[in-house]
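# Chain and residue survey
The primary structure of each chain is shown beneath.
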Protein chains: 2
Amino acid sequence: MKPVVDVELYDTTLRDGTQREGISLSCDDKLRIAERLDHLGVSFIEGGWPGSNPKDAEFFQRCRDLELTQAVLAAFGATRRAGIAAADDPQLQALLECGAAVCTVFGKTSPLQVKSVLRVSPDENLRMIEDTVALLAGAGRRVFYDAEHFFDGYAADPAYALAVLDAAARGGAEALVLCDTNGGRLPWEIGEAVSAVVARFSGRTVGIHTHDDSGCAVANALAAVRAGARQVQGTINGYGERCGNADLCAIAPALELKLGLRCLPQGHLSGLFELAHFVAEVANLPPDEHRPYVGRSAFAHKGGVHVSAMRRHPDSYQHVDPELVGNTSRVVVSELSGRANLLAKAEQYGLNVRGDAPARALATIKDGEARGLSFEAAEASVALLLRREQPDYVPPFRLIEYRVMTGQHDRLGAWAEATIKIAVGSEIIHAVAEGNGPVHALDSALRKALGPTHPVVTRIRLVDYRVRILDGQSATAATTRVLIDSSDGPRRWSTVGAGTDILAASWAALADSFEFGIDPVEEAHAGEHRAASW
Amino acid sequence: MKPVVDVELYDTTLRDGTQREGISLSCDDKLRIAERLDHLGVSFIEGGWPGSNPKDAEFFQRCRDLELTQAVLAAFGATRRAGIAAADDPQLQALLECGAAVCTVFGKTSPLQVKSVLRVSPDENLRMIEDTVALLAGAGRRVFYDAEHFFDGYAADPAYALAVLDAAARGGAEALVLCDTNGGRLPWEIGEAVSAVVARFSGRTVGIHTHDDSGCAVANALAAVRAGARQVQGTINGYGERCGNADLCAIAPALELKLGLRCLPQGHLSGLFELAHFVAEVANLPPDEHRPYVGRSAFAHKGGVHVSAMRRHPDSYQHVDPELVGNTSRVVVSELSGRANLLAKAEQYGLNVRGDAPARALATIKDGEARGLSFEAAEASVALLLRREQPDYVPPFRLIEYRVMTGQHDRLGAWAEATIKIAVGSEIIHAVAEGNGPVHALDSALRKALGPTHPVVTRIRLVDYRVRILDGQSATAATTRVLIDSSDGPRRWSTVGAGTDILAASWAALADSFEFGIDPVEEAHAGEHRAASW
């Protein structure tokens, strides 16, 4: 029994989302994402365009083994080619054969597009739409008609734009989806056009499909719902071509928490944060930490006026309770922090910090920040500071010495080599490695040294590395701050190092990263922490 | 003579923008950004909160030497503390002393905030607002009143929210700026409230200040303008606390190209792309390539249907002409515009570039960008590329070899040493130096080697050094980009290097910096370049 919703969410991450530059999802990736979308509880999952490429065809084939509990699978396609019968179009045959219950077909709405791009007569375009929808509906499919460039077409020639929708309705379309394909429209234009369509087609679902080229994709989708649209098409994290599609991670909470319209099964909204980070991880993109609702910075407060106000009243600087979307409010730890902040952090990391340990850790933080460290983006280094204050803590390794040699010759090119000597328990390990550069050589040597005793290091990847010079005046003799982001798959953490020597600073961040990543205490707690909560 | 605009853009990148987690701008950074904002032509530049920290106070001190041609400088502050006279509040004294022509003060609007956070009576809050505005206006300042949490306050208690604005107006505020501080409001709520305020305060400028927590910051600002607001506060790239502020890079084009309202001097909108990337570089943040209008992917088309349609009709899949904001469509790669850009650059540097030299330099740039270089914030490296294409150009030195050794020992600490072998004319020079770190050692060795033949190097200081990893997936083996800012006093220039080896990349940027700094042709032109124009 499907849940009853006020607004249907139609997710097209797997089709329109993959149009984003830099995304390429394998068939396995797509199946994993589909499964998680179903758990969240969207109404429809658009899996791809089976008639356009074999990868999408394979996806639908393999989907037959996927047991979806909430969502209905949709396949995408185009209206029939000009001059042939719909039944003779191989692209539509592929759509019918893929087995998806919903077929979403797009066609032209704008007279400009019909003439200059499609190069058929306006009447032939209407016949193409009606024929296509009728073929699919006649075969028992639920047909959604995506009216491409609807709003541009409606602005240029409203009568023709509505005639296009009439054609789709005559063919038997269940939903008429109005697309702002170029993303150029503003909320009030969307609202007016949607109102007109809703009034004309009272028996059918009107949908909205927006793009973010004007920075208004979310507002446009919400304006459409306010005007009567009952299906919203979008993607997780707003992935999509150019500036992206409407972000369902911003739309779902707005619908439920602000417009009072149900779009997910009750209680499922709190799965949003985790899903957003899961999809970013599978797509191999760094999560956008500033994303509305689901960014790690979305409820983070940085010192001063805001933090003190938040203590007095939690809603001072947050528009919704972050827990409703699975996110958490976070005070950014910096030299401005007090004892209470650190105690909260210790709790978050499952550490039992007693007596003057927080005061000592705080002193270390203040001292470190004076030397150029910055802990606000390096929570793993903060966790290590707290852990090292625990009486029974034994670090997994200790540095005795490293040496890095690197050079460049006008004929021989560049080279780098590092040696490292560390103590693991009572054992002294001495390793050497080459690298593409000095930090890579050091990283490789450390992995080589730790590998035999801590095989977990092979799972640790360094996913980002940033360097900042702090006191410009001293130039290359200035203090350097290095931030490293690491991941072992489910977890992601950040560490920091600082010093006048860029390699010494890199070493400090690198050593913290491995110490945090291989620490068994942390591994025992892994399950308690959400994937991306660091 | 200031240009007449329909809507004033009030940039707060240097104040609210720096609240973004991970941003920390030096005073030099802020001055460089202020100069570029002025070139773009925003109406106001908010530089900081002089009463809150010494770094902001220093900025206003140094701003006195900055000749702004378009923009007016604004300083930020709070209403007076409860229970004292406005004239006795040191924070307001700092505001008066900083010398900015505009003082923007914020105060509470929402009864919830007044009671639970400020902990004063509603009437005392009104007096605090009126007193503060009156003190500043009485001292000859233009006063803008930022009504914090205005829309939440208006929803909870419209009479009190309007009474707050009345108090600011009585005090003599020129502009009443309505803030959606928590970013939770939706466009239609903003539009209704702004309409009410505009109707009540017909003689004054009504401004809008929005945040992106609901993904609607841009739409909210535009809805406010549509309802009569005539000042928009925002930041470049939407930087700001949590999910960020309204992005002026999306708002300015919407105002000019879609609402037909002038907000920048004629022709300046096309500087937007460059400014957005410049600010990202200075802030040491990777530019968001999917940002509306100014992202590198904003007009990029990925294969298939879209590309073929774009060939038939350029507006098929773009909402505005990208050149209007200085961006380019990436399907139609224009060799011609590239060449014209380079010729303009050559002119700027006083270089006489003939024949196919620009084409060769362009090829070198494209090749370099494919390898990870980025020339947008490194104009000195671009100038060198052009110079090297001149038939009579002789570089001041040539690298034969360098070697850098560095290490760290648990008892002996860290050390670094570099040797360098260069050719100056027919002479081979071999020098060695120690340093605080490997880049400093390399820098010191190069200075030692160049000193005898080019004593000017003692005047060259490296004032900033930034490193970015480009392809996170490869972590420490990834491509590294190094940007170095240098100065010899009157001039300041930026150079770039890239490669998998951080020291080799640093070397390339360092060598360009010295080559540019000691070149006699450039010195002859020094007077023509302003300090921070690179």
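All chains use their own residue numbering, which begins from 1 and follows the written sequence. Labels are handed out in written order, letters beginning with A for the chains and numbers beginning with 1 for the ligands. With the structure being a predicted model, the display of local features is reserved for residues of pLDDT at least 70 and the display and counting of side-chain atom pairs for 80 or more, all residues being used for whole-chain, interface and lining totals. To get the side-chain values, take all heavy atoms of the structure and skip hydrogens and water.

## Considerations on the overall build of chain A
- Looking only at helices and strands, chain A features 18 helices and 16 strands.
- Summary of the burial criterion: residues with accessible area below 20% of their type's maximum are buried, those above 50% are exposed, and those between are partly exposed, where the area comes from a 1.4 Å probe applied to protein chains only. Evaluated residue by residue, chain A yields a buried proportion of 64% over its 534 residues.
- Here the analysis covers contacts within chain A between residues at least 6 apart in sequence; of these, 68% occur between residues at least 24 apart.
- Surface accessibility follows the Shrake-Rupley procedure with a 1.4 Å probe radius. Residue values consider only the protein chains on display as shielding. Accessible surface computed for chain A: about 19000 Å², of which carbon and sulfur atoms make up 50%. Strands here are runs of E lasting at least two residues and helices are runs of H or I lasting at least four, both read from the DSSP assignment and numbered beginning at the N terminus. In this analysis, two residues are considered to be in contact whenever any of their non-hydrogen atoms come within 4.5 Å of each other.

## Here's the deal with the environment of Pro-396 of chain A
All names here are of chain A.
- Within the fold, Pro-396 resides in the loop between helix H15 (379-388) and strand E11 (398-409).
- On the basis of relative accessible area, Pro-396 is assigned to the buried category, the value being 12%.
- When the C-alpha positions of Pro-396 and Gly-425 are compared, they lie 7.6 Å apart, and in sequence the two are 29 residues distant.
- Leaving out residues up to four positions away in the same chain, Pro-396 has contacts with Val-424, His-454, Glu-515 and Ile-518.

## Some details on the pattern of salt bridges
All names here are of chain B.
- When a carboxyl oxygen of Asp or Glu lies within 4 Å of a side-chain nitrogen of Lys or Arg, that pair is called a salt bridge. What the rule picks out here adds up to 53 salt bridges over all chains.
- Close ionic contact of Arg-15 with Asp-16 constitutes a salt bridge, the shortest N to O distance being 3.2 Å. For the residue pair Arg-15 and Asp-16, the accessibility class agrees, reading buried in each case.
- Between Arg-447 and Asp-443 there is a salt bridge, with the nearest N and O atoms lying 3.0 Å from each other. Note that Arg-447 and Asp-443 are positioned in helix H16 (residues 438-450) at a spacing of four residues, about one turn of the helix.

## With respect to the interface of chain A and chain B
- Counting residues at the interface gives 104 residues for chain A, matched by 106 residues for chain B.
- Here chain A and chain B share an interface that buries about 9000 Å² over both sides, 53% of which is from carbon and sulfur atoms.
- Remark: the boundary between chain A and chain B carries two salt bridges.
- In this structure, the salt-bridge partner of Arg-398 of chain A is Asp-410 of chain B, at a minimum N-O distance of 3.2 Å.
- Definition of a polar contact: a pair of N or O atoms within 3.5 Å, with one able to donate and the other able to accept a hydrogen when the atoms are protein atoms, and with sequence-neighbouring residues admitted only if both atoms are side-chain atoms. Applying the counting criterion to the chain A and chain B interface returns 29 residue pairs in polar contact (both at pLDDT 80 or more).
- Here the side of chain A that touches chain B takes twelve residues from E11 of chain A, the largest share from any one element. Buried area: the sum, over both parts, of the accessible surface (1.4 Å probe) that disappears when the two are put together.

## Some points on the domain arrangement of chain A
- Domains assigned within chain A are domain 1 (8-266), domain 2 (300-366) and domain 3 (394-454).
- On a C-alpha basis, the centres of domain 1 of chain A and domain 2 of chain A stand 43 Å from each other. An automatic or database domain assignment supplies the start and end points of every domain.

## Let's talk about the sheet that holds strand E8 (residues 231-234) of chain B
Residues and elements named next belong to chain B.
- Strand order in this closed barrel of eight strands is E1-E2-E3-E4-E5-E6-E7-E8, and the pairing throughout is parallel. Along the sheet, successive strands turn relative to each other by an average axial angle of 25°, direction set aside.
- Where strand E6 (residues 175-180) and strand E7 (residues 205-210) come together, six bridges link them in parallel fashion. Within E7, the position partnered with Leu-176 by the bridge is Val-206. Whether two strands pair depends on DSSP finding at least two bridges between them. Throughout, an axis means a line fitted to C-alpha atoms (over the contacting stretch in the case of helices), and angles, computed between N-to-C directions, take values from 0 to 180 degrees.

## Some words on H15 of chain A
- The element H15 of chain A is extensively covered by neighbouring structure, given that nine of its ten residues are classed as buried.
- Among the residues making up H15 of chain A, those that are buried are Glu-379, Ala-380, Ser-381, Val-382, Ala-383, Leu-384, Leu-385, Leu-386 and Arg-387 of chain A.

## With respect to the packing of helix H5 (residues 122-138) of chain B against helix H7 (residues 158-171) of chain B
Residues and elements named next belong to chain B.
- Between H5 and H7, the least distance of the axes is 7 Å, while the angle of their chain directions is 25°. With respect to their mutual orientation, H5 and H7 come out roughly parallel. The chirality of how H5 crosses H7 is right-handed. Within the contact between the two elements, H5 uses Pro-122, Asn-125, Leu-126, Ile-129, Glu-130, Val-133, Ala-134 and Ala-137 and H7 uses Tyr-160, Ala-163, Val-164, Ala-167, Ala-168, Arg-170 and Gly-171.
- We call Asp, Glu, Lys and Arg charged. Ala, Val, Leu, Ile, Met, Phe, Trp, Tyr, Cys and Pro are nonpolar, and the rest, Gly among them, are polar. When its residues are assigned to classes, the contact of H5 with H7 shows eleven nonpolar, two polar and two charged. An angle below 35 degrees is read as roughly parallel, one above 145 as roughly antiparallel, one from 65 to 115 as roughly perpendicular, and any other as oblique. Take the far helix as your reference; a near helix turned counterclockwise from it by less than a right angle gives a left-handed crossing, and one turned clockwise gives a right-handed crossing.

## Some thoughts on unusual backbone geometry
All names here are of chain A.
- A positive phi is found at Arg-119, a non-glycine position, where the angle reads about 60°.
- Among the structural elements, Arg-119 can be located in the loop between helix H4 (111-118) and helix H5 (122-138).
- The phi torsion at Arg-242 lies on the positive side, around 60°, for a residue other than glycine.
- Assignment of secondary structure puts Arg-242 in the loop between strand E8 (231-234) and helix H10 (248-258).

## Some details on the sheet that holds strand E12 (residues 413-424) of chain A
- Read from one edge of the open sheet, six strands run E13(A)-E12(A)-E11(A)-E9(B)-E10(B)-E11(B), paired in antiparallel fashion. What marks the edges here is a single partner per strand, and that holds for strand E13 (427-434) of chain A together with strand E11 (427-434) of chain B. Direction aside, the axes of adjacent strands within the sheet are offset by 5° on average.
- Pairing of E12 of chain A with E13 of chain A, which is carried by eight bridges, proceeds in the antiparallel orientation. Within E13 of chain A, the position partnered with Thr-419 of chain A by the bridge is Val-432 of chain A.
- Lying on the sheet, helix H16 (residues 438-450) of chain A is in contact with E11, E12 and E13 of chain A; it crosses E12 of chain A at an angle near 35°.
- Here helix H17 (residues 502-518) of chain B sits on the sheet in contact with E11 of chain A together with strand E9 (398-409) and strand E10 (413-424) of chain B, set at roughly 135° to E9 of chain B.

## Some details on the packing of aromatic side chains
Residues and elements named next belong to chain A.
- Ring pairs are drawn from Phe, Tyr and Trp, using the six-membered ring of Trp, whenever the two centres fall within 6.5 Å, and their geometry is named by plane angle: stacked under 30 degrees, edge-to-face over 60, tilted for the rest. The tally for this structure, following the rule as stated, stands at 22 aromatic pairs over all chains.
- Centre to centre, the rings of Tyr-10 and Phe-44 are 6.0 Å apart; their planes meet at 40°, and the pair counts as tilted. Of this pair, Tyr-10 sits in strand E1 (residues 8-11) while Phe-44 sits in strand E2 (residues 44-46), and the two are 34 residues apart along the sequence.
- The class of Tyr-10 is buried, set by a relative accessible area of 0%.
- Arranged with centres 5.3 Å apart and planes meeting at 5°, the rings of Phe-76 and Phe-106 form a pair that is stacked. One end of the pair, Phe-76, is in strand E3 (residues 72-78); the other, Phe-106, is in strand E4 (residues 102-108), and 30 residues separate them in sequence.
- Note on Phe-106: relative accessible area 12%, which makes it buried.

## Looking at the environment of Arg-204 of chain A
Residue and element names in this part refer to chain A.
- Inspection of the secondary structure puts Arg-204 in the loop between helix H8 (187-200) and strand E7 (205-210).
- The class for Arg-204 is partly exposed, based on a relative accessible area of 32%.
- Spatially, the C-alpha atom of Arg-204 lies 11 Å from that of Asp-166, the residues being 38 residues apart in sequence.
- Dropping the residues within four chain positions of it, Arg-204 is found in contact with Ala-169, Gly-172, Ala-173, Glu-174 and Leu-176.
- At a separation of 2.8 Å, a polar atom in the side chain of Arg-204 contacts the main-chain carbonyl oxygen of Ala-173.

## Some thoughts on the packing of helix H9 (residues 217-226) of chain B against helix H10 (residues 248-258) of chain B
Residue and element names in this part refer to chain B.
- Taken N-terminus to C-terminus, the directions of H9 and H10 make an angle of 35°; their axes are 10 Å apart at the nearest point. Crossing hand, H9 versus H10: right-handed. Contacts from Val-218, Ala-221, Leu-222 and Val-225 in H9 reach Ala-250, Ile-251, Ala-254 and Leu-255 in H10.
- Per-class residue counts for the contact of H9 with H10 are eight nonpolar, no polar and no charged.

## Description of the pairing of strand E16 (residues 492-499) of chain A
Residues and elements named next belong to chain A.
- Of all eight residues making up E16, eight are buried, and the element is well covered by its neighbours.
- Side chains of E16 alternate between two faces, with Arg-492, Ser-494, Val-496 and Ala-498 and Trp-493, Thr-495, Gly-497 and Gly-499 buried alike.
- By the bridge criterion, eight bridges tie strand E15 (residues 480-487) to E16 in an arrangement that is antiparallel. Bridge pairing in E16 links Thr-480 to Gly-499.
- Here E15 folds back onto E16, and the loop between the two strands holds four residues, one of which, Gly-489, carries a positive phi near 110°.

## Describing the nonpolar core
- In plain words, nonpolar cores are sets of buried Ala, Val, Leu, Ile, Met, Phe, Trp, Tyr and Cys residues tied together by side-chain atoms within 4.5 Å. If you look at the biggest cluster of nonpolar residues, it comprises 202 residues, and the most contacted ones within it are Tyr-145 and Leu-165 of chain A together with Tyr-145 and Leu-165 of chain B.
- Judged by nonpolar contacts, the second largest core, of 88 residues, contains Tyr-393 and Trp-493 of chain A together with Ile-484 and Ala-511 of chain B.

## Here's the deal with the pairing of strand E12 (residues 461-469) of chain B
Residue and element names in this part refer to chain B.
- When you tally the buried positions in E12, you get eight out of nine residues, the bulk of the element.
- Summarising the sheet, E12 and strand E13 (residues 480-487) pair through eight bridges and their orientation is antiparallel. Looking at the pairing, Arg-461 lines up with Ser-487 of E13.

## Focus on the environment of Arg-230 of chain A
All names here are of chain A.
- By the secondary structure assignment, Arg-230 is in the loop between helix H9 (217-226) and E8.
- Sequence separation between Arg-230 and Val-294 is 64 residues; the distance between their C-alpha atoms is 24 Å.
- The contacts of Arg-230, once residues within four sequence positions are left out, are Asp-6, Val-7, Glu-8, Thr-205, Val-206 and Val-225.

## Looking at H17 of chain B
- Compared with the 24 Å implied by 1.5 Å per residue over 17 residues, the 24 Å span of H17 of chain B between its first and last C-alpha is a close match.
- Within H17 of chain B, 16 of the 17 residues are buried, which leaves the element mostly enclosed by the surrounding structure. One fewer than the residue count of a helix, multiplied by 1.5 Å, yields its expected span.

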